[in-house]
Amino acid sequence: MPKYILKRAIMSLITAFLVATLTFFVMNMVPGGPFLSEKAVTPQAQAAMEAKYGLDKPLFQQYTTYMTGILKGDFGLSIKKRGRTVSQIIGTKFPVSAKVGGLALILAVCTGIPLGAVAAFNRGKFIDNLLVVLSTAGIAIPSFLSSTILIYIFTTKLKWLPSLGLKDAQSYIMPVVALALYPTFYMARLMRSSMLDVMGQDYMRTAKAKGVTTFKAIFKHALRNAILPVITYLGPLLAALMTGSFIIEKIFNIPGLGSEFVSSITSRDYPMIMGTTIFLAVFIIIMNLFVDIAYAIVDPRIKLK
Amino acid sequence: MSGQYLVDIQEERLSFFTPAGEVKALNNVTLQMREGEVLGIVGESGSGKSVTAYSIMGLTAQNGKIVGGSVEFNGHKIHEMSEKELRKIRGNEVSIIFQDPMTSLNPVWTVGNQIAEAVSLHTDKKGRAAMARAKELLELVGINEPEKRLKQYPHELSGGMRQRVMIAIALACEPKLLIADEPTTALDVTIQAQILELMQELKQKLGMGIIMITHDLGVVASMCDYIAVMYAGEIVEYGTTDDIFYNPKHEYTKGLLRSIPKFHEHDYSKLVPIEGQPVDLLNPPKGCGFAPRCSNCMKLCLTHKPEKNQYEGVHYARCFMQQKEDFLKERGEA
Amino acid sequence: MEEIKNNPLSLQWSLEDFTPASVEDKESLVFMRESVSFWKDGLHRFRKNKIAMSALFIVFLITICCFLIPGVYPYKYEQQMKGSERLAPMQYSKTEQKQIDAGEKVFPHLLGTDQNGRDYMIRVLVGGRVSMTVGLVASVLILVIGSIFGAIAGYFGGLVDMIMMRIVDIIYTVPDVLIIILLAQTLKFPLEALASKPGFAWMQKLGSNMISMFIVFALLYWVGMARIVRSQIMVLKQSEYVTAAKALGAGSGRIIFKHLIVNCIGTLIVTTTLQIPSSIFTESFLSFLGLGVQAPMPSLGSLASAALNGFQTYPEKLFAPAFLIFIIILSFNLLGDGLRDAFDPKLKQQ
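Residues numbered from 1 in each chain as written. Chains lettered and ligands numbered in written order. Predicted model: local features only at pLDDT ≥ 70, side-chain atom pairs only at ≥ 80, totals over all residues.

For chain B, an unreviewed UniProt entry supplies the name Oligopeptide transport system ATP-binding protein and the organism Oribacterium sinus. Its UniProt record gives chain B the following Subcellular location (unreviewed entry) comment, quoted word for word: "Cell membrane". (UniProt positions renumbered as here; feature names shortened; annotations may be inferred.)

By the naming in an unreviewed UniProt entry, chain A is Oligopeptide transport system permease protein, taken from Oribacterium sinus. Under the Sequence similarities (unreviewed entry) heading, UniProt states for chain A: "Belongs to the binding-protein-dependent transport system permease family." Entered under Subcellular location (unreviewed entry) in the UniProt record, the comment concerning chain A runs "Cell membrane".

Colleague: Can you explain the overall build of chain B? Please cite residues and give values.
Modeller: Across its full length, chain B carries 13 helices and 12 strands. In terms of principal-axis extent, the alpha carbons of chain B reach across some 75 × 50 × 40 Å. Looking at chain B as a whole, 48% of its 334 residues are labelled buried. (Helix = DSSP H or I, 4+ residues; strand = E, 2+ residues; numbered from the N terminus. Buried ≥ 20, exposed ≤ 12 C-beta atoms within 10 Å, placed from the backbone.)

Colleague: For the sheet that holds strand β3 (residues 38–42) of chain B, give the residues involved together with the corresponding values.
Modeller: Residues and elements named next belong to chain B. Taken in spatial order, the eight strands line up as β6-β7-β8-β3-β9-β10-β12-β11 in an open sheet, and their pairing is mixed. The outermost strands of the open sheet, each flanked by one partner alone, are β6 (94–97) and β11 (309–310). Sheet analysis places β6 next to strand β7 (residues 177–181), joined by four bridges and oriented parallel. Residue V94 lies in a different strand from β7, and its bridge partner there is L177. Lying over the sheet, helix α11 (residues 251–258) contacts β3, β9 (226–231) and β10 (234–240), oriented at roughly 105° with respect to β9. (Pairing = 2+ DSSP bridges. Contact = placed C-beta atoms within 7 Å. Axes fitted to C-alpha atoms, helices over the stretch in contact; angles between N-to-C directions.)

Colleague: Any details on the UniProt feature "transmembrane region" (unreviewed entry) in chain A? Residues and values, ideally.
Modeller: Residue and element names in this part refer to chain A. Feature annotation in UniProt places "transmembrane region" (unreviewed entry) on residues 9–30, 100–121, 130–154, 169–188, 226–252 and 272–298, given in this structure's numbering. Across residues 169–188 one finds 95% helix and 0% strand; the C-alpha atoms that close the span lie 27 Å apart. Annotated as 100% helix and 0% strand, the span residues 272–298 places its first and last C-alpha atoms 38 Å apart.

Colleague: I'd like a description of the nonpolar core, backed by residues and values.
Modeller: By size, the foremost hydrophobic cluster in this structure holds 154 residues, and its most contacted members are M191(A), A281(A) and A184(C). In terms of residue count, the dominant contributor to this core is helix α9 (residues 214–251) of chain A (16 residues). Residues from two domains meet in this core; each of domain 1 (2–71) and domain 2 (90–298) of chain A gives at least three. Look past the residues within four positions of A184(C) in its chain and what remains in contact with it is N209(C), S212(C), M213(C), V216(C), L286(C) and L291(C). With 100 residues, the next largest nonpolar core counts A209(A), Y252(B), C288(B) and A291(B) among its residues. (Core = buried A, V, L, I, M, F, W, Y, C linked by C-beta atoms within 7 Å. Domains from an automatic or database assignment.)

See the structure below:
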């Protein structure tokens with residue numbers, strides 16, 4: 001087990017390093033480098049700017065400077081928001097996104113898994129068919145559609161919920177639901193097929209032959225096995241929530257990292273784009289590592305590898 | 001009748017209801033067995049041998065249903081019992097070992113946990129007492145270092161050891177009947193012999209009845225008192241092991257015997273496989289099920305179902321060859 | 001014969017009954033289910049699947065609508081009509097009303113017009129065409145790269161496999177959408193520079209965003225496909241026909257393409273079909289963020305994005321493209337599920 005975790009950790013480290021490197025060099029393909037806006041400036045101003053951001057140095061030196069900066073948590077200065085570092089902006093915006101994303105994650109896990117399990121257990125019956133139809137449709141709805149439908153119903157028509165900002169508890173409802181919609185249905189589908197697979201396994205027959213009750217067969221023998229593939233999805237789920245937040249935060253006007261990222265794209269605030277990309281990538285990579293460790297705890301077979 | 005037999009199956013008919021139609025898996029199967037006997041059920045896949053044995057513990061797939069006849073075990077009318085009542089019998093009075101020990105154990109629970117579960121389900125022994133009993137059982141099935149094995153997961157054990165664990169689970173409550181569904185098929189040849197030896201030893205020690213399901217006549221020869229040969233959902237021949245091996249009456253049994261290698265004969269050309277495919281139970285044939293593959297098939301075999309021909313003792317077979325013999329004999333006499 | 005008939009034991013039989021049955025008689029009894037090839041079998045199962053067949057029909061219908069109708073439609077997607085801005089569905093502008101009053105025939109704006117006076121119906125259709133094209137091209141790219149990579153890793157095994165699969169592992173953990181955004185953002189300039197050179201004018205039309213999107217798909221999205229193909233090839237390469245081909249002196253390349261990839265074609269079709277909706281999803285996501293196709297060319301995502309601001313007043317401008325995305329993704333998903341049920345032998349066993 002420690003060997004397994006070590007191996008995964010090293011892999012994560014390599015991936016994080018590669019992502020950061022890739023980000024840096026890709027960004028340097030932008031004419032004039034990532035640290036300048038492409039507005040026409042005087043040559044003197046240009047030179048001053050280059051000196052300020054260290055762009056007059058050779059590329060490799062810039063790279064090492066940037067990488068050591070990242071290790072210290074320094075992503076440089078934002079271009080559009082004068083005087084603020086990228087780290088400061090991430091520091092204030094990320095908790096907002098994390099709150100919405102975390103709630104959506106909890107919602108997705110707590111509804112998706114039971115729904116899938118219930119459907120599998122009632123295979124072929126009405127409730128199963130209903131869930132299959134719902135989840136098939138559910139994973140085909142782009143989040144901008146689901147969130148605008150929610151706004152249309154609950155704000156425009158019923159006037160129950162606020163559509164913009166995050167002022168009170170009520171205002172969390174729609175963004176969280178909209179963000180959780182896709183992962184919930186995806187998880188339900190995954191859980192259903194995994195549960196069906198497990199229910200056909202030989203060891204379930206063994207349990208039945210022992211005289212185990214249906215309840216115990218499901219809760220002791222089936223669930224733990226069925227949940228394994230769902231755990232592996234938690235990593236991609238996190239990434240999905242993160243990228244989903246770009247759209248959700250834009251639509252619901254939430255001052256999180258997602259909407260910040262989107263506006264930095266439109267305003268071409270390159271240090272901000274780079275910083276956010278690397279930060280989110282490393283965050284997702286770390287979360288994936290945790291998921292791998294969790295998997296190793298739930299599945300005893302992993303220890304062998 | 002009941003009380004006299006441990007297992008008493010009368011005219012059992014069992015069908016699976018599939019989208020393609022009714023699959024008549026068992027057609028009027030009658031089978032009896034006393035306590036402490038070893039019965040072998042032989043046949044190829046799809047012949048109904050497993051279905052017959054499973055129905056003794058009420059274990060049929062969801063779409064399977066007993067549509068006629070009766071199944072009694074140890075005085076219980078299995079065919080009339082609810083799932084809840086069946087649960088009290090399963091793993092307690094009758095238990096089973098499956099073919100593939102690799103997949104029959106739950107991968108996420110320790111061996112000890114899985115054995116102890118079987119113990120605590122039907123006895124007063126719970127928790128630590130159940131675990132102590134699990135350890136005893138592991139010793140019984142010849143696993144060394146039982147203390148250590150209890151805490152291990154199935155994937156940490158070899159195939160032979162896992163099958164021993166399955167046997168330990170089956171023996172947890174000292175059942176009156178142990179059903180062994182091809183217990184050695186998935187194992188290496190040397191391990192096969194060990195497992196068979198263990199089962200024989202345990203039978204001597206515990207005195208339970210065993211139903212041995214196999215397609216391998218070699219396995220039943222060494223262990224069984226009686227053998228039922230099944231084909232297409234019917235018992236085509238039944239008798240003592242000697243009857244079946246030395247005096248087979250049904251063409252299918254003869255074919256099976258021809259297809260096993262004998263060590264003292266070096267002429268392998270005598271190994272004759274049975275040609276053709278088993279019948280489609282969705283459309284069962286009108287005549288003898290084996291007719292299309294039988295090398296001695298006669299015209300009436302195609303149109304009539306052979307009746308039971310009783311021989312010495314319990315030995316019987318359903319094959320028209322006997323009728324032919326009688327017919328020719330009578331004609332010769334006439 | 002008389003005496004025998006009187007014999008109670010053999011009462012019912014005659015000598016004729018005991019003569020050997022002919023082979024034909026025996027065979028006539030065997031109701032062998034028709035032995036069918038893998039493809040015929042799969043096709044049969046697919047045809048019986050009503051949901052998958054309807055999905056196929058809808059995909060077909062949408063393809064026809066999006067690819068053929070724009071050619072004959074009376075309006076063009078980039079055509080701006082003065083005075084026809086922001087019309088509601090089926091509404092006519094003042095000039096058009098006058099034309100109608102004058103007895104001329106004016107084709108109605110089925111979904112109204114946008115803020116620049118462009119017919120919205122044709123924009124949605126062309127947007128659908130763009131989205132479908134992106135999905136299809138991306139999936140083909142993924143198919144080619146993923147299957148070749150996976151086949152090579154699976155066929156050679158050993159160290160080659162180890163190194164190749166570590167690469168796959170690393171790409172797998174890279175958060176793809178972030179990299180897509182990054183690349184879409186930065187590839188723009190070099191691509192635009194390239195497009196201005198002679199011979200690359202087609203790139204201008206396609207837009208640098210779309211090309212960078214394809215590059216990203218080609219760089220990152222093939223790993224899932226590679227994993228699937230690899231595991232199939234590892235099983236297949238042990239088959240006897242591969243040994244036979246080797247014995248005949250066939251080279252590795254020939255074995256991989258002629259014998260191995262051909263045999264996992266079912267899986268390839270299924271995986272590719274299921275890849276299409278996911279690519280369309282990503283495209284609409286990027287277009288929504290303004291990183292998609294270049295204006296004035298519409299895509300479903302960019303149409304929805306543009307309609308977002310005014311959607312309280314003009315909800316149909318948002319719902320039309322969004323609904324089309326929904327239908328396209330849903331039907332491709334259902335089609336893929338149906339193909340998997342029909343052609344994936346692993347699922348067949350269950």
